[in-house]
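Working through the structure, step by step
Next come the chains, spelled out residue by residue.
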Amino acid sequence: MSRANDPQIKSWIPTPENTDFPIQNIPFGVMQVDEDMFAAVSRVGKYVIDLTYLQDNGYFVGLNLPSGIFHKSYLNDFIALGKAQTQAVRERISDLLREGSSYTDLKEKTAYFMLPVEEVKMSMPVRIGDYTDFYSSREHATNVGTMFRDPANALLPNWLHLPVGYHGRASSIVISGTDIRRPSGQTKPPTAEKPTFGPTKQMDFELEMGFIVGKSNALGTPVSIDEAESHIFGMMLFNDWSARDIQAWEYVPLGPFLAKNFASTLSPWIVTMEALEPFRVAGPQQDPEVLPYLQTERAHNFDIQLQVDILLPNGQTSTVCKSNFKYMYWSMAQQLAHHTIGGCNMKVGDVCASGTISGPTPDSYGSMLELSWKGTKPLSMPDGTQRTFIEDGDTVILRGYAERDGVRIGFGECLGKVVG
Ligand code: MN
């Protein structure tokens, strides 16, 4: 276990109680300095830590980093250095910023490398080459199958044997805070004879988490299940916005297309797998037994509490979902092993998303489709209105954190406002 994970460590940077970003987290992100200047950053409490300053002033000496590795628009080159180096940086940041640090001169230089988070504009942390969305929550797949097909056969025959997924669209993944324009498209209610065109009437979120591929594999060379986690750099929150009425009409037979490709929102901080290691848990029992290339002895799930809030146009907030990443039937390791088993080459910076993470109870469903049960059970909002889907002016905020031994490792916010 990384020494940066020690629950006893405290930072000399003032750190609020219940922050997502104690010194045990040390996530990575990219801030926009001006129009065409970016810098890699980390975060402790309410402060963003400028890694370019720390490198340029000798605080990463001995880590064998290429010069200028943090003066970049994206983290891809840093991530591609490999876990030995990226984790050495994480541990060095921990050494620099912990109470009792031997780097005492750094406390005189806070004005140069610590920025209040409210003064920082975060940007996309990675250049995403490809994006794949899985469908790995049994509860979600069962709910959707029950609503759209047949309660008796909610899961299709392949579902328990392989992690179902589809290739999504990387170009429309946006950073948290970006407004989301309500898409228009073709829809056809079951009772209508012909399709019509117009703005979606069933704008939805999907509570998901994404992982960033941290190590490429060559075309034709699968990543084994036991190697898979060494190919994952870290995780983020991911809202896979969905237009349900467009989806229902278009998705047969090749799966989602325009209903999903207009936008997905990513949270700005990548939490490394090493920071999440203390929260590793076993996944659900898999029955029937999966094929050997998907089998593993190791616990591959993570106990990460998740929440979805709707911020209403009048400023009031309604928490509509509380779920947990540990409900995932298929693990990230299984997703990556399956994705590459035919020889597909994954590249550093690729994103794989989990699929909607629904839990077993109705208040843990990860989409409005399920929460309102296809629009039949409207949710009451604190401003007196009701919601079956997301309205213009609503802001959807995903949050997530893991907690143990008094240490909380969180992801911040994944936020998007729907505009007409
Ligand atoms: Mn999805």
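As shown above, the structure is provided for reference.
What comes next concerns the included structure. (Residues numbered from 1 in each chain as written. Predicted model: local features only at pLDDT ≥ 70, side-chain atom pairs only at ≥ 80, totals over all residues. Heavy atoms only, no water.)

**Comments concerning the overall build of the protein**
Across its full length, the protein holds 9 helices and 26 strands. Since a compact globule built from 420 residues should have a radius of gyration of about 22 Å, the 22 Å found for the protein is in line with a globular shape. Looking at the protein as a whole, 55% of its 420 residues are labelled buried. Carbon and sulfur atoms form 51% of the exposed surface of the protein, whose accessible area is close to 18,100 Å². A gap of 2 Å separates the mean positions of the 36 positive and 48 negative side-chain charges of the protein. (Helix = DSSP H or I, 4+ residues; strand = E, 2+ residues; numbered from the N terminus. Rg over C-alpha atoms; globule rule 2.2 N^0.38 Å. Buried < 20%, exposed > 50% of the residue type's maximum accessible area, 1.4 Å probe, protein only. Areas by Shrake-Rupley, 256 points an atom, 1.4 Å probe, with all protein chains shown as cover. Lys, Arg positive; Asp, Glu negative; His and termini not counted. Charge placed at Lys NZ, Arg CZ, Asp CG, Glu CD.)

**Focus: the pattern of salt bridges**
Taken as a whole and judged by the stated rule, the model has 19 salt bridges. With its nearest N and O atoms 2.6 Å apart, the salt bridge here joins Arg-3 to Asp-95. Taken as a pair, Arg-3 in the segment before β1 (29-34) and Asp-95 in helix α3 (residues 83-97) lie far apart in primary sequence, 92 residues in all. Among the ionic pairs, Asp-309 bridges to Arg-399, the shortest N-O distance being 2.8 Å. Of this pair, Asp-309 sits in strand β20 (residues 305-311) while Arg-399 sits in strand β25 (residues 395-404), and the two are 90 residues apart along the sequence. With a relative accessible area of 5%, Asp-309 lands in the buried category. On the basis of relative accessibility, which here comes to 28%, the residue Arg-399 falls in the partly exposed class. Residues joined in a network through salt bridges with shared partners are Asp-204, Glu-206, Asp-240, Arg-244 and Lys-260. (Salt bridge = Lys/Arg side-chain N within 4 Å of Asp/Glu carboxyl O.)

**Here's the deal with the coordination of the manganese ion**
The coordination sphere of the manganese ion, as far as protein atoms go, consists of Asp-133 (OD), Glu-206 (OE), Glu-208 (OE) and Asp-240 (OD), spread over 2.1 to 2.2 Å. On the primary sequence, the residues serving as donors to the manganese ion are separated as D-x72-E-x1-E-x31-D. Residue Asp-133 is located in strand β6 (residues 131-134), and its partner Asp-240 is located in the loop between β14 (232-239) and β15 (242-243); the two are separated by 107 residues in the primary sequence. We note that Asp-133, like Asp-240, is buried. (Donors = N, O, S within 2.8 Å, 3.2 Å for Na, K, Ca; no water.)

**Here's the deal with the packing of aromatic side chains**
For the structure shown, the criterion picks out 12 aromatic pairs. A centroid spacing of 5.2 Å and a plane angle of 45° characterise the contact between Tyr-131 and Phe-238, whose relative ring orientation is tilted. Separated by 107 residues along the polypeptide, Tyr-131 in strand β6 and Phe-238 in strand β14 bring together distant segments of the chain. The exposure classification of Tyr-131 matches that of Phe-238, with both residues buried. Pairwise contacts between aromatic rings join Phe-28, Phe-60, Phe-70, Phe-78 and Phe-233 into one cluster. Its end group placed over the ring of Phe-148, Lys-374 keeps NZ or CZ at 4.9 Å from the ring centre. In this structure, Arg-408 is placed above the aromatic ring of Tyr-401, and the distance from its NZ or CZ to the ring centre is 3.6 Å. (Phe/Tyr/Trp six-rings, centres within 6.5 Å; stacked < 30°, edge-to-face > 60°. Lys NZ or Arg CZ within 6 Å of the ring centre and 35° of its normal.)

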